[in-house]
Amino acid sequence: MARIVMKFGGTSVGDISRIKNVAQRVKREVEAGNEIAVVVSAMSGTTNQLVAWAREIASLHDAREYDTVVATGEQVTVGLLALALQDLGVNARSWLGWQIPFRTDGIHGKARIEKIETELMIERFDQGQVAVVAGFQGIGPDNRITTLGRGGSDTSAVALAAALKADRCDIYTDVDGVYTTDPRIVSRARKIDRITYEEMLELASQGAKVLQTRSVAMAMQFGVRVQVLSSFEDKPGTLVVDEDEIVEQQVVTGIAYSPDEAKITLVNVPDRPGVAATIFGSLADAAINVDMIVQNVGQNVAATDMTFTVGKTDVDRTASVLAGLRSDLQYSEIVTDPNVCKVSVVGVGMRSQPGVAKTMFQTLADKSINIQVISTSEIKVSVLIAAEYTELAVRALHTAFGLDAPAAAGDD
Ligand code: ADP
Ligand code: ASP
Ligand code: MG
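Residues numbered from 1 in each chain as written. Chains lettered and ligands numbered in written order. Predicted model: local features only at pLDDT ≥ 70, side-chain atom pairs only at ≥ 80, totals over all residues. Heavy atoms only, no water.

Caption draft 1: Spatial organisation of the overall build of the chain. The helix and strand inventory of the chain stands at 13 helices and 20 strands. Compactness check: the chain gives a C-alpha radius of gyration of 23 Å against a globular reference of 22 Å for 412 residues, within 12% of the reference. Classification of the 412 residues of the chain by burial places 50% in the buried group. For the chain, long-range pairs separated by at least 24 residues make up 75% of all intrachain contacts whose partners lie at least 6 apart in sequence. Roughly 18,800 Å² of accessible area belongs to the chain as shown, and the carbon and sulfur atoms make up 48% of that amount. (Helix = DSSP H or I, 4+ residues; strand = E, 2+ residues; numbered from the N terminus. Rg over C-alpha atoms; globule rule 2.2 N^0.38 Å. Buried < 20%, exposed > 50% of the residue type's maximum accessible area, 1.4 Å probe, protein only. Contact = heavy atoms within 4.5 Å. Areas by Shrake-Rupley, 256 points an atom, 1.4 Å probe, with all protein chains shown as cover.)

Structure representation (structure tokens):
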């Protein structure tokens, strides 16, 4: 007997027949004698619609009310899945975040899980009951509903697996594993059988939305065994493992892209100590994550341009924070460019093999793609480019780093 957390994403619960399909899969695990907690997302498209409604009313909305609205999608799917399970004769009960509870901090819209109380759920397991848990939501210190950021059901699942000391956390989705890049834009992307936590963390944080970044960080921290697999087909998926469980290491394991960032340039900020601390300190105080940063150092002038990226959804709030600094910093203008995309190549093999950045830059140059900002870490190189070149860049890099699957018969 094993204790398993099964997580189903939006497409997997996208309509009633799919919810019934999920119920069948859960039933199979129950009949195999396992204790099961199922975490579900909202039906695909639902959360987008809820977010759009909140934004339509106010782009700078109250984050507590935003959470009240966007958390509702999961309430529908937990109830429906519990009904579908009961219909199959499986003892099942739904749980919303506050009922468990999933206690989080108070950063509405991107709250972090602090504690999950599992006693009651474990008692119900002893009675043979399946727990059907709403992903993406928790309850904050103010006793109000919080949400964990887009894609947050993955994190709900991994956190629950850690709290329950589950044997496995199986993330069922609409692809059959983690690929060398998004299989929806590169048809010759290859499925990866095993990927390290570290690489998965980097790919996720650079935009491979197959797992939410925080879920991978949490799996790594608590040693949760995560598997990504298809909810529609019965075949092995991708295991996320420690580095020593991987026999043959590639230099580049995968390529990610993120269209979710916008480029902000503060023109003519004074070139003196403390300016960066003021700008990025104020953004941090407003819980705005800044990713890439470049400061252009002027030769003889006392002013410089500061360019950085933030999430597209944070652009309005960023502009409002920066507007508050204008009298202090005396910059001449704020230029915002949402038409950018960050493309990253990732691999732990890079630590021992130089030349990845060179190959990346040359490949983009050969396609006449201009690089706007660069950032690197030990196991990744990222570039910011114009959004219109995203697919071209990802495909060219996928080929340049030898990741293409062999052409199938009939391919061009
Ligand atoms: P879910 O609703 O199940 O959480 P998501 O849409 O969040 O599913 O994540 C699955 C999607 O992630 C896939 O449909 C695929 O387009 C995308 N994706 C991006 N990068 C990758 C990758 N490297 N491997 C697999 N899927 C990826
Ligand atoms: N429903 C939420 C979203 O679309 C959470 C999730 O699917 O993981 O972001
Ligand atoms: Mg997801």
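And the narrative resumes.
Caption draft 2: Broad picture of the packing of helix α3 (residues 63–70) against helix α4 (residues 72–87). Where α3 contacts α4, the axes come no closer than 4 Å and their chain directions differ by 25 degrees. With respect to each other, α3 and α4 are oriented roughly parallel. Mapping the contact onto sequence places Thr68, Val69 and Val70 in α3 and Thr72, Gly73 and Glu74 in α4. (Axes fitted to C-alpha atoms, helices over the stretch in contact; angles between N-to-C directions. Parallel < 35°, antiparallel > 145°, perpendicular 65-115°, else oblique.)

Caption draft 3: Seen up close, the pairing of strand β12 (residues 238–241). The side-chain alternation of β12 yields two buried faces, one formed by Thr238 and Val240 and the other by Leu239 and Val241. Bridge analysis of strand β10 (residues 194–196) against β12 gives three bridges, and the strand direction is parallel. Residue pairing across strands places Thr196 opposite Val241, the latter belonging to β12. Judged from the three bridges that link them, strand β11 (residues 226–230) and β12 form a sheet pairing that is antiparallel. What sits directly across from Val226, in β12, is Val240. (Pairing = 2+ DSSP bridges.)

Caption draft 4: Main features of α3. Looking at α3, one finds that the buried residues are Tyr66, Asp67 and Val70. On an axial view of α3, the arc spanned by its buried residues comes to 100 degrees, and they lie on one face. In the core, the buried residues of α3 are packed alongside α2 (46–57), α4 and β8 (145–147). Taking the backbone nitrogen of Arg64 as reference, a side-chain oxygen 2.8 Å away marks Asp62 as the first, capping residue of α3. (Arc of directions from axis to C-beta. Polar contact = N/O pair within 3.5 Å; in protein donor to acceptor, adjacent residues only side chain to side chain.)

Caption draft 5: Quick peek at the site of ligand 1. If you check the shell around ligand 1, you find 16 residues, and the closest are Thr173, Asp174, Tyr179, Asp182 and Arg184. Contact between ligand 1 and Asp174: an oxygen atom at 2.8 Å from a side-chain N or O atom of the residue. Here ligand 1 loses 89% of its free accessible area of 580 Å² to cover by the protein chains. For the shell around ligand 1, the per-class residue count stands at six nonpolar, five polar and five charged. (Near = heavy atom within 4 Å. Nonpolar A, V, L, I, M, F, W, Y, C, P; charged D, E, K, R; others polar.)

Caption draft 6: Examining the sheet that holds strand β16 (residues 303–311) more closely. Taken in spatial order, the four strands make up an open sheet running β15-β16-β14-β17, and their pairing is antiparallel. On the outer flanks of this sheet lie β15 (290–296) and β17 (333–337), each paired with one strand and no other. Strand-to-strand twist of the sheet, defined as the mean angle between neighbouring strand axes without regard to direction, takes the value 20 degrees. For strand β14 (residues 261–270) and β16, the ladder comprises eight bridges, and the chain directions are antiparallel. Residue Val269 lies in a different strand from β16, and its bridge partner there is Thr304. On top of the sheet, helix α9 (residues 275–285) reaches β14, β15 and β16; it is set at about 20 degrees to β16, its chief contact. Running at roughly 150 degrees to β16, helix α10 (residues 315–323) makes contact with β14, β16 and β17 of the sheet.

Caption draft 7: Here's a closer look at the environment of Arg188. Secondary-structure assignment places Arg188 in the loop between β9 (168–173) and β10. In this structure the C-alpha to C-alpha distance between Arg188 and Ala405, which are 217 residues apart in sequence, comes to 5.0 Å. Excluding its chain neighbours within four sequence positions, the residues that come into contact with Arg188 are His398, Leu403, Asp404, Ala405, Pro406 and Ala407.

Caption draft 8: Spatial organisation of the environment of Leu384. By secondary structure assignment, the location of Leu384 is in strand β20 (residues 380–386). Assessed through its relative accessible area of 0%, Leu384 is described here as buried. Taking C-alpha positions, Leu384 is 9.4 Å from Glu261, a pair spaced 123 residues apart along the chain. For Leu384, the contacting residues outside a window of four places in its chain are Lys263, Met292, Thr309, Val340, Cys341, Lys342, Asn370, Ile371, Gln372 and Val373.

Caption draft 9: Layout of the pattern of salt bridges. Using the criterion set out here, one finds 24 salt bridges in the structure. Where Arg168 meets Glu29, a salt bridge forms, and the shortest distance between an N and an O atom there is 3.8 Å. Placement of the pair is Arg168 in strand β9 and Glu29 in helix α1 (residues 16–31), with a sequence separation of 139 residues. Classification of Glu29 as buried rests on a relative accessible area of 16%. Between Asp314 and Arg317 there is a salt bridge whose closest N-O contact spans 3.1 Å. By relative accessible area, Asp314 is classed as buried at 10%. (Salt bridge = Lys/Arg side-chain N within 4 Å of Asp/Glu carboxyl O.)

Caption draft 10: Here's a closer look at the side chain of Thr180. In this fold, Thr180 is placed in the loop between β9 and β10. Dropping the residues within four chain positions of it, Thr180 is found in contact with Ala189, Arg190, Ile192, Thr253, Gly254, Ile255, His398 and Leu403.

Caption draft 11: View of the sheet that holds strand β6 (residues 130–134). Read across the open sheet, the eight strands follow the order β3-β6-β2-β1-β9-β11-β12-β10; overall the sheet is mixed. Looking at which strands have only one partner, the edges of the open sheet turn out to be β3 (92–95) and β10. If you compare each strand with its neighbour and ignore which way they point, the axes differ by 20 degrees on average. Packed onto the sheet, α4 meets β2 (35–40), β3 and β6 and runs at close to 175 degrees relative to β3.

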